[in-house]
Amino acid sequence: MQFEITIEGPYRAISKLSVNLHSFSPLIKKIPGHNDKNSERGRIVILESGEEHLDRKLLDISSIVNEAKKALSLRSEFYMRVRNLAYSEPSSGSSQFMEPFSPIDSMTIQPWTPNLAQPTGPRTIILDPHHAFGTGKHPTTLLCLRIMDLIANGSRAQPFKGAKVLDFGCGTGLLAIAAVKMGAQEAVGVETDPSSVQAAKTNVNLNHLSGRVAIREGSWETVHEKYDFIFANLVVAALLRTGTHIPDHLTQTGTVVISGFGENQMGEMKRFFEDTGLTISKQSTLEGWGAASFSKKIYLDKGWSSCYYSKHVELSR
Ligand SMILES: C[S@@+](CC[C@H](N)C(=O)[O-])C[C@H]1O[C@@H](n2cnc3c(N)ncnc32)[C@H](O)[C@@H]1O
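Remember, it's a predicted structure, so these values are computed and weren't measured experimentally. (Residues numbered from 1 in each chain as written. Predicted model: local features only at pLDDT ≥ 70, side-chain atom pairs only at ≥ 80, totals over all residues.)

1. Describing the overall build of the chain
Piece 1. Helix and strand counts for the chain stand at 7 helices and 16 strands.
Piece 2. In the chain, buried positions account for 34% of the 317 residues.
Piece 3. Considering only intrachain contacts with a sequence separation of at least 6, the fraction spanning at least 24 residues in the chain is 63%. (Helix = DSSP H or I, 4+ residues; strand = E, 2+ residues; numbered from the N terminus. Buried ≥ 20, exposed ≤ 12 C-beta atoms within 10 Å, placed from the backbone. Contact = placed C-beta atoms within 7 Å.)

Here you go:
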């Protein structure tokens, strides 16, 4: 596995910092778009292979960055982020994210441009991902959108109508925005990464949905309500670390859709979430990735039913 550590900041400070980081073989470049000499910004990129010693190296790099901040008495902060390259997607600036595209039949994603004032149709989403995850191109996001489409449009029961949706780990906010566009009453996006929170808030505003989509910074501590649908597209470690909270935040007929794990981890995910008391209702794979939905069991008059109940599935007697 390869990790990319990026540090951004004022270009002159970044060049000085790169000298102190020489043992990590940093690549340094100017960030385009800041033409004034005083506002020039730069980026250091360090590539690390393997997870072994990654924590140690990150600590070393952060302390060098902090030292440099003090020594250079920087008013503006350095911004540091780590990306698992096996789990990334084309960035917003790449040619792969310049044209409108339809991740699912019923929806178009329109990459933001300065002259785009509002979405061109009810099922069009304007998106400016900045650095956040969630352009709609990654298979893990696509799987979530496909399952969302099946839930919202796959039955006459219209289970999304009036529903409250949580996008746990919302990145750009795409799933929260898509849920409302597909008929949910309201959606909340929760995200730990502050720059993704900003990106998600921007996207909510670009789509004129601030009355129906709220974005919160943090994790489960910011979630106090129950939801009809939860979407959680997270790396496996985060799914396993945070997944036990999910049943507490589902309504009695609620459904959670998880994504972000490998197709070969489907069995492990099924065992883990069934141990929390949920029952698997759908599973799907795409390009080596897996996604699954789980629903709450309900107590029926004649005893525990082995069938699951969710708003989109008719109960068989
Ligand atoms: C793979 S991205 C998914 C983004 C988007 N929901 C999508 O499907 O494209 C996962 C996001 O979850 C965030 N995240 C990871 N752990 C989290 C946690 N415990 N609470 C909230 N967000 C978390 C990450 O910062 C990242 O932006």
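The rest of the description comes next.
2. Section: the sheet that holds strand S7 (residues 124–127)
Think of a sheet as strands paired side by side through backbone hydrogen bonds, with each pair either parallel or antiparallel.
Piece 1. The strand order across the open sheet built from 3 strands is S5-S6-S7, with neighbouring strands paired in mixed fashion. The open sheet has two edge strands with one neighbour each: strand S5 (101–104) and S7. Averaged over all pairs of adjacent strands, the angle between their axes in this sheet comes to 35°, without regard to strand direction.
Piece 2. In the sheet, strand S6 (residues 107–111) pairs with S7 via 4 bridges, with the strands oriented parallel. (Pairing = 2+ DSSP bridges. Axes fitted to C-alpha atoms, helices over the stretch in contact; angles between N-to-C directions.)

3. A short note on the site of the ligand
Piece 1. Close contacts around the ligand come from 23 residues, with Gly134, Thr141, Gly169, Gly171 and Asn233 the closest.
Piece 2. Contributing elements (two or more residues each) for the shell around the ligand: helix H3 (139–153), strand S8 (164–168), helix H4 (174–181), strand S9 (186–191) and helix H6 (236–242).
Piece 3. Top contributing element to the shell around the ligand by residue count: H3, with 3 residues.
Piece 4. Of the residues belonging to the shell around the ligand, the class tally is 9 nonpolar, 11 polar and 3 charged. (Near = placed C-beta within 6 Å. Nonpolar A, V, L, I, M, F, W, Y, C, P; charged D, E, K, R; others polar.)

4. Observations regarding the nonpolar core
Piece 1. In this structure, Ala178, Ala179 and Ile230 are the most contacted members of the largest nonpolar core, which totals 60 residues.
Piece 2. Judged by nonpolar contacts, the second largest core, of 9 residues, contains Ile7, Tyr11, Leu21 and Ile44. (Core = buried A, V, L, I, M, F, W, Y, C linked by C-beta atoms within 7 Å.)

5. Regarding unusual backbone geometry
Piece 1. Of note, Ser25 is a non-glycine position whose phi angle comes to about 50°, a positive value.
Piece 2. Within the secondary structure, Ser25 sits in the loop between helix H1 (11–20) and strand S2 (27–30).
Piece 3. The phi dihedral of His208 is positive, around 55°, even though this residue is not glycine.
Piece 4. On the neighbour-count criterion, His208 (12 C-beta atoms within 10 Å) is exposed.

6. Brief notes about the pairing of strand S12 (residues 250–262)
Piece 1. Alignment of strand S11 (residues 227–233) against S12, held across 6 bridges, turns out to be parallel. Bridge pairing in S12 links Ala232 to Ile258.
Piece 2. For the segment spanning S11, H6 and S12, crossover handedness is right-handed.
Piece 3. Looking at chain direction, S12 and strand S14 (residues 289–296) are connected through 7 bridges and run antiparallel. Counted as the bridge partner of Ile258 is Ala292 from S14. (Right-handed = clockwise from strand over helix to strand, strands pointing away.)

7. Some details on the sheet that holds S12
Piece 1. The mixed open sheet is built from 7 strands, whose spatial order is S10-S9-S8-S11-S12-S14-S13. The open sheet has two edge strands with one neighbour each: strand S10 (213–217) and strand S13 (278–286). Between one strand and the next, the sheet's axes are offset by a mean angle of 15°, whatever the strand orientation.
Piece 2. In the sheet, S9 pairs with S10 via 5 bridges, with the strands oriented parallel. Directly across from Ala187, in S10, lies its bridge partner Val213.
Piece 3. The strands touched by H4 are S8, S9, S10 and S11; relative to S9, the strand with the most contacts, the crossing angle is about 175°.
Piece 4. Contacts from helix H7 (residues 266–275) reach S12, S13 and S14, with the element oriented near 160° to S13.

8. Re the confidence of the model for the chain
Piece 1. Averaged over every residue, the pLDDT of the chain is 84; residues scoring 70 or more account for 85%.
Piece 2. Scored below 50 in pLDDT, residues 298–317 shows 29 contacts in the model against residues more than four places distant or in partner chains. (pLDDT = per-residue confidence, 0-100.)

9. Remarks on the environment of Val65
Piece 1. Mapped onto the secondary structure, Val65 falls in helix H2 (residues 54–71).
Piece 2. Aside from chain neighbours lying at most four places away, what touches Val65 is Ile7, Leu17, Phe78 and Met80.

10. Focus: the packing of H3 against H4
Piece 1. Contact geometry for H3 and H4: axes closest at 11 Å, N-to-C directions at 15°. As the angle between them shows, H3 and H4 are arranged roughly parallel. Judged by the sense of rotation from one axis to the other, the crossing of H3 with H4 is right-handed. Across the interface between the two elements, Thr141, Cys144, Leu145 and Met148 from H3 touch Leu174, Leu175, Ala178 and Ala179 from H4.
Piece 2. When the residues that make up the contact of H3 with H4 are grouped by side-chain class, the tally is 7 nonpolar, 1 polar and no charged. (Parallel < 35°, antiparallel > 145°, perpendicular 65-115°, else oblique. Left-handed = near helix turned anticlockwise from the far one by under 90°.)

11. Side note on H1
Turn by turn, an α-helix covers 3.6 residues, leaving residues three or four places apart pointing in a common direction.
Piece 1. Those residues of H1 not exposed but buried are Tyr11, Ile14 and Leu17. On an axial view of H1, the arc spanned by its buried residues comes to 115°, and they lie on one face.
Piece 2. Here the buried face of H1 lies against strand S1 (2–10), S2, strand S3 (41–49) and H2. (Arc of directions from axis to C-beta.)

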